Amino acid sequence: MNEPAEVLLAAPRGFCAGVDRAIEIVERALAKFGAPIHVRHEIVHNTYVVNDLRAKGAVFIEDLDEVPPGATLVFSAHGVPKSVEREAAARGFRVFDATCPLVSKVHVEVAKLHREGYEFIMIGHKGHPEVEGTMGQLDSGIHLVEDVADVARIQPAQHDKLAVVTQTTLSVDDAAEIAAAVKARFPKVREPKQQDICYATQNRQDAVKLLSRDVDVVIVVGSPTSSNSTRLREVARKLGTDSHMIDGADELRPEWIAGKARIGLTAGASAPDILVRQVIERLRALGAVSVRTLDGIEETVKFPLPKGLRLDDVAEVKLAHLR
């Protein structure tokens, strides 16, 4: 770094209420029932979080065949298809559902409109567990589009009762562009009463848009599998600001920030604050002299936990201390 540099922190950044809730569900299950606790898919898409919970006794699986009889099973924050719910119930597992309530809201809407005879167009990324979970709420009648070109290719059985749903972690701008193409082809399409893209995703993207105007480079803390983190990097790049995503401080390359006077730093909704602090220390070691947090929305959302995870008073205090 050739000159003193300033680090600007986006606000909000890092954990959202859905991620906090999902991690706490696993930690409480471990505290109450003991290890191992089986989790279908990564509880959230962050390497640090997954490794930390694995060290505490969480076992991450993809197939329920990997779960022994009588085990405690947690569904990840991304949600699961109905077939997985049915299989877990049939096998008699003790199940705690860590699906983000905002994803569950989409599932409820799909079920309601399906009963009214609707087909669905889902805007999302093929193979993402949230998309698989939402599309798996139905046996048929839900069509995935990943971009505007896909809109021209889908062939719903009817056009009068069509509804749009979206993956909650998409780029707000990209989703709006695809939704407009859907509306142009299917003028009667029913759009969500409230935007499916979650408040935390939108807030973090809005914060990056503000951050990108004031910095020379944006560093996003997040894992490669994290959709919302990837979208933050893309948002910055679309605004013409150089941007890089890292899983941790050790991935930060000095040449990215060499000669940069202002370095922007943010974190995806599944990235813990400890990683941000470690990146700040790395930036200081490389010559950054000050850190300043930009003004932004203060998030106060908190989601309730599933029943059955209350601990005794001693364990509650211990868990609170760990968190």
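Quick caveat, the model's predicted, so the values are computed rather than measured. (Residues numbered from 1 in each chain as written. Predicted model: local features only at pLDDT ≥ 70, side-chain atom pairs only at ≥ 80, totals over all residues. Heavy atoms only, no water.)

*Asks:* Can you break down the pairing of strand β11 (residues 262-267) residue by residue, with the values?
*Replies:* Most of β11 sits inside the fold, with five of its six residues counted as buried. Alignment of strand β1 (residues 5-9) against β11, held across four bridges, turns out to be parallel. When the sheet's bridge partners are listed, V7 is paired in β11 with I263. Pairing between strand β9 (residues 217-221) and β11: five bridges, direction parallel. Considered in β11, the bridge of V218 is made with G264. (Buried < 20%, exposed > 50% of the residue type's maximum accessible area, 1.4 Å probe, protein only. Helix = DSSP H or I, 4+ residues; strand = E, 2+ residues; numbered from the N terminus. Pairing = 2+ DSSP bridges.)

*Asks:* How would you explain the environment of D20 if you had to name every residue and give the values?
*Replies:* Within the secondary structure, D20 sits in helix α1 (residues 17-33). Of the residues examined, D20 reaches a relative accessible area of 32% and is grouped as partly exposed. Spatially, the C-alpha atom of D20 lies 37 Å from that of K161, the residues being 141 residues apart in sequence.

*Asks:* With reference to specific residues and values, describe the packing of aromatic side chains.
*Replies:* Per the stated rule, a full pass over the model turns up one aromatic pair. Lying across the ring of F33, R94 places its NZ or CZ 4.0 Å from the centre. Above the ring of Y118, the side-chain terminus of R190 is found at 5.9 Å from the ring centroid. (Phe/Tyr/Trp six-rings, centres within 6.5 Å; stacked < 30°, edge-to-face > 60°. Lys NZ or Arg CZ within 6 Å of the ring centre and 35° of its normal.)

*Asks:* Which residues make up the pattern of salt bridges, and what values go with them?
*Replies:* Applying the stated criterion to the full structure yields 20 salt bridges. K183 is the partner of E191 in a salt bridge, and the nearest nitrogen-oxygen pair spans 3.9 Å. Owing to a relative accessible area of 33%, K183 belongs among the partly exposed residues under this scheme. Because the salt bridges share partners, they merge into one network encompassing E6, R262 and R292. (Salt bridge = Lys/Arg side-chain N within 4 Å of Asp/Glu carboxyl O.)

*Asks:* Could you give an account of the pairing of strand β4 (residues 72-75), with specific residues and numbers?
*Replies:* Where burial is concerned, the two faces of β4 agree: the one with T72 and V74 and the one with L73 and F75 are both buried. Judged from the three bridges that link them, strand β2 (residues 37-40) and β4 form a sheet pairing that is parallel. The residue bridging H38 from the neighbouring strand is L73, located in β4. In this sheet, strand β5 (residues 94-97) lies alongside β4 in parallel orientation, the contact comprising four bridges. Of the residues in β5, the one forming a bridge with T72 is R94. A crossover connection joins β4 to the parallel β5 through helix α3 (residues 82-90); in handedness this β-α-β unit is right-handed. (Right-handed = clockwise from strand over helix to strand, strands pointing away.)

*Asks:* Help me get a handle on the sheet that holds strand β6 (residues 119-123), residues and values and all.
*Replies:* Within a beta sheet, neighbouring strands are joined by backbone hydrogen bonds and run either parallel or antiparallel to one another. Strand order across the open sheet formed by three strands is β7-β6-β8, with parallel pairing between neighbours. Across the chains shown, the open sheet's two edge strands, defined by having one partner strand only, are β7 (142-145) and β8 (162-166). Neighbour to neighbour, the strand axes of the sheet diverge by 25° on average, direction disregarded. Two strands pair when backbone bridges link them, and β6 and β7 are joined in this way by four bridges, in the parallel orientation. Looking at β7, one finds that I121 is bridged to H143. (Axes fitted to C-alpha atoms, helices over the stretch in contact; angles between N-to-C directions.)

*Asks:* An account of the nonpolar core is requested, with residue identities and associated values reported.
*Replies:* Formed by 30 residues in total, the largest nonpolar core has its most connected members in V26, V39, I43, V44, L53, F60 and V74. Take this core: its biggest share by element is eight residues, from α1. Sequence-distant contacts of V44, that is, excluding residues within four places in its chain, are made with V19, A22, I23, V49, V50, A77, H78 and S270. (Core = buried A, V, L, I, M, F, W, Y, C linked by side-chain atoms within 4.5 Å. Contact = heavy atoms within 4.5 Å.)

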